[in-house]
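Topology and contacts: notes
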Amino acid sequence: MPTAVIDAEGTEIFFTDSGPVEGSSDYTTYVMYHGSAFTGDMFHKLLPFAANAKDNVRLVILNRRDYVGSSKYSDAELEDLNAGRKVFMERTAVEVGNFLAWFIEKNQIPRITSDGKSGGLAVGGWSIGSATPLSLFGHPEAVPKELYAKLEPYFRLLIFYDPPHLTFGYEQPPEGYNPWTDPDFPTPLELFDNFRYWVSGYYEHAGLPSRD
């Protein structure tokens, strides 16, 4: 599978691409970021539905930094992340922009159409992965103006798929359950297994009108 080298430091992003829609000059390229503890593989079942004339969508599925195929974070970067430093998300913003600009130039994808209804980029994130593309808009002071200029004719949609409160900087609700801090699971591996069980669970609800 291909990787993109997105900066002078050699940072690599692993991705899967369904390819252009045959015969279309106005298809939309949907770039998807996965969430925590899962890779982009979870979206690969969507690939057969992409790149067809009916939906007119090209699907690009990334593995975020520190996931299989993409560059690991350095110790200094992980320290910034663990300390909650703003510079971590500022770097993420530039990396997102660099990948999108690289993909645009490499593949000569269609621009946004004059009516604004097709073409260009739709960029989305699932769960906490939503924070990755959002960083491009949340930290404009960190993104070079010439990079924004390259993206402007293409960036059409930002899509959030089930984002958690952390995506938008909200504090953890005190009454809510956090699978990453459950004291019944003392080791990182146990916490990870607990998260996988929790995040993939399905629950029967009494009914939305009652809000019970």
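One structure accompanies this document, and this report is about it. (Residues numbered from 1 in each chain as written. Predicted model: local features only at pLDDT ≥ 70, side-chain atom pairs only at ≥ 80, totals over all residues. Heavy atoms only, no water.)

**Considering the overall build of the protein chain**
Looking only at helices and strands, the protein chain features five helices and six strands. When the helices and strands of the protein chain are listed from N to C terminus, the series reads β-β-β-β-α-α-β-α-α-β-α. What you see for the protein chain is a C-alpha radius of gyration of 19 Å, in line with the 17 Å of a compact globule of 212 residues. Counting only C-alpha atoms, the protein chain reaches 55 × 45 × 30 Å along its principal axes. Accessible surface, the protein chain as shown: approximately 12600 Å² in total, 57% of it carbon and sulfur. (Helix = DSSP H or I, 4+ residues; strand = E, 2+ residues; numbered from the N terminus. Rg over C-alpha atoms; globule rule 2.2 N^0.38 Å. Areas by Shrake-Rupley, 256 points an atom, 1.4 Å probe, with all protein chains shown as cover.)

**Some remarks on the packing of helix α1 (residues 75–82) against helix α2 (residues 86–107)**
Orientation of α1 relative to α2, taken along the N-to-C sense of each, is 120 degrees, at an axis distance of 7 Å. Regarding the angle of α1 to α2, the classification is oblique. Facing Glu77, Asp80 and Leu81 of α1, the residues of α2 in contact are Val87, Phe88 and Arg91. (Axes fitted to C-alpha atoms, helices over the stretch in contact; angles between N-to-C directions. Parallel < 35°, antiparallel > 145°, perpendicular 65-115°, else oblique. Contact = heavy atoms within 4.5 Å.)

**Notes on the side chain of Asn56**
Structurally, Asn56 can be placed in the loop between β3 (28–33) and β4 (57–63). A relative accessible area of 18% places Asn56 in the buried class. Looking at Asn56, its side chain comes within polar contact range of the side chain of Ser24, at 2.7 Å. (Buried < 20%, exposed > 50% of the residue type's maximum accessible area, 1.4 Å probe, protein only. Polar contact = N/O pair within 3.5 Å; in protein donor to acceptor, adjacent residues only side chain to side chain.)

**Structural notes on α2**
Between its first and last C-alpha atoms α2 spans 32 Å; for 22 residues at 1.5 Å apiece the expected length is 32 Å, and the two agree. Of the residues making up α2, those classed as buried are Phe88, Glu90, Thr92, Ala93, Glu95, Val96, Gly97, Phe99, Leu100, Ala101, Phe103 and Ile104. Just beyond α2, the residue with positive phi is Gln108, at close to 50 degrees. (Expected span 1.5 Å × (residues − 1).)

**Some words on the pairing of β4**
Among the seven residues in β4, six count as buried, and that is most of the element. Sheet topology places strand β2 (residues 12–17) next to β4; four bridges connect them, and they run antiparallel. From the neighbouring strand, Phe14 faces β4, where its bridge partner is Asn63. Inspection of the sheet shows β3 paired to β4 by six bridges, in the parallel sense. Each residue of the ladder has a partner; that of Tyr30, found in β4, is Leu59. (Pairing = 2+ DSSP bridges.)

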